[in-house]
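Working through the structure, step by step
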Amino acid sequence: IAIGTFASSLTESQVVSAVISFVFIFVGYMMSSLTSIGSWSETVVAKILSCYDLYGPLQNFMSGTLPLGDILYYLSVIFLALFFAYEVMQKRRWSVSKKMISTSVFSVGTIVLCVAVVIAGNFGVSKIPKKYTEFDVTSKKIYSITNDTKKYLKSLKEDITIYVYVDKKSKDENVDK
């Protein structure tokens, strides 16, 4: 909704606004695929563009975990989209006048400050250990080690082997992980 509000602030036409909203949201959900295409996936540009990945954090929610970093990411996207919409509306409100230069400088400074605060906040949360920021919200606690699991593991007398069946491509991609 926030991205749609920002797109709506860019134009007076509802149809154009709907198309811009769709494009913004579609690109956000496809960003992880777009940045991993070809040889430029390891470039700085691809890493910067991957910051607008709307689907990656959603996957964690759908799997049953509730990472604090992903919640902060979505709140940041909402805040920035609404803030940009506000700034666009303010820009329209002020007509050309003698105060335009000082208003524009203040506006650009505010935008840079808000973006810097959002980036710093997301970076700071990403440095907190995951045991403090990820919560297992599944009904069976399948992503948590419960007391029963710890008791069972202590009672094991010999090593166990875990077999994982994956296709070759997935196996090769996840070797370093």
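Residues numbered from 1 in each chain as written. Predicted model: local features only at pLDDT ≥ 70, side-chain atom pairs only at ≥ 80, totals over all residues. Heavy atoms only, no water.

Side note on the overall build of the protein chain
Scanning the protein chain for helices and strands turns up nine helices and two strands. Scanning the protein chain from its N terminus toward the C terminus, one meets helices and strands in the order α-α-α-α-β-α-α-α-β-α-α. For the protein chain, buried positions account for 21% of its 177 residues. Considering only residue pairs separated by 6 or more positions, the protein chain has 56% of its internal contacts joining residues 24 or more positions apart. (Helix = DSSP H or I, 4+ residues; strand = E, 2+ residues; numbered from the N terminus. Buried < 20%, exposed > 50% of the residue type's maximum accessible area, 1.4 Å probe, protein only. Contact = heavy atoms within 4.5 Å.)

Examining the side chain of D70
Looking at the secondary structure, you find D70 in helix α5 (residues 68-93). For the buried D70, no salt bridge is present, and the opposite-charge side chain at shortest range is K130, 8.4 Å distant. If sequence neighbours within four positions are ignored, D70 has contacts with P57, N60 and F61. (Lys, Arg positive; Asp, Glu negative; His and termini not counted. Salt bridge = Lys/Arg side-chain N within 4 Å of Asp/Glu carboxyl O.)

Observations regarding the confidence of the model for the protein chain
In this model, the protein chain carries an average pLDDT of 82, and 87% of its residues clear a pLDDT of 70 or more. Across the protein chain, the element-wise mean pLDDT spans from 59 in helix α9 (residues 168-173) up to 94 in helix α1 (residues 2-10). (pLDDT = per-residue confidence, 0-100.)

With respect to the packing of α1 against α5
Following both chains from N to C, one finds α1 and α5 inclined at 15°, their axes separated by 8 Å at the closest point. As the angle between them shows, α1 and α5 are arranged roughly parallel. By crossing handedness, the relation of α1 to α5 is classed as left-handed. Residue-level contacts link A2, I3, T5, F6, S9 and L10 of α1 to V77, I78, A81, L82, F84, A85, V88, M89 and R92 of α5. The residue inventory of the contact of α1 with α5, partitioned by class, reads twelve nonpolar, two polar and one charged. (Axes fitted to C-alpha atoms, helices over the stretch in contact; angles between N-to-C directions. Parallel < 35°, antiparallel > 145°, perpendicular 65-115°, else oblique. Left-handed = near helix turned anticlockwise from the far one by under 90°. Nonpolar A, V, L, I, M, F, W, Y, C, P; charged D, E, K, R; others polar.)

Observations regarding the nonpolar core
Counting ten residues, the largest nonpolar core is built from A2, I3, F6, L54, Y73, Y74, V77, A81, A85 and V88. Elements supplying a minimum of two residues to this core: α1 and α5. Element by element, the count of residues in this core is highest for α5, at six residues. Setting aside its immediate chain neighbours within four residues, A2 contacts I78, A81 and L82. (Core = buried A, V, L, I, M, F, W, Y, C linked by side-chain atoms within 4.5 Å.)

Quick look at the side chain of T110
Looking at the element boundaries, T110 is found in helix α6 (residues 100-126). Other than its neighbours up to four places away in sequence, T110 contacts F83 and E87.

Observations regarding the pattern of salt bridges
Tallied over the entire structure, the rule returns one salt bridge. Between K130 and E134 there is a salt bridge; the shortest N-O distance is 3.9 Å. Classification of K130 by relative accessible area gives exposed; the value is 59%.

Let's talk about α5
The terminal C-alpha atoms of α5, which comprises 26 residues, lie 37 Å apart, in line with the 38 Å expected from a rise of 1.5 Å per residue. Among all positions of α5, only D70, Y73, Y74, S76, V77, L80, A81, F83, A85, E87, V88 and Q90 are buried. (Expected span 1.5 Å × (residues − 1).)

Side note on the packing of helix α4 (residues 55-63) against α5
Contact pair α4 / α5: the axes reach a minimum separation of 10 Å and the direction vectors enclose 135°. Classified by the interaxial angle, the pair formed by α4 and α5 is oblique. Classified by chirality, the crossing of α5 by α4 is left-handed. Across the interface between the two elements, P57, L58, N60 and F61 from α4 touch D70, I71, Y73 and Y74 from α5. Taken together, the residues that form the contact of α4 with α5 break down as six nonpolar, one polar and one charged.

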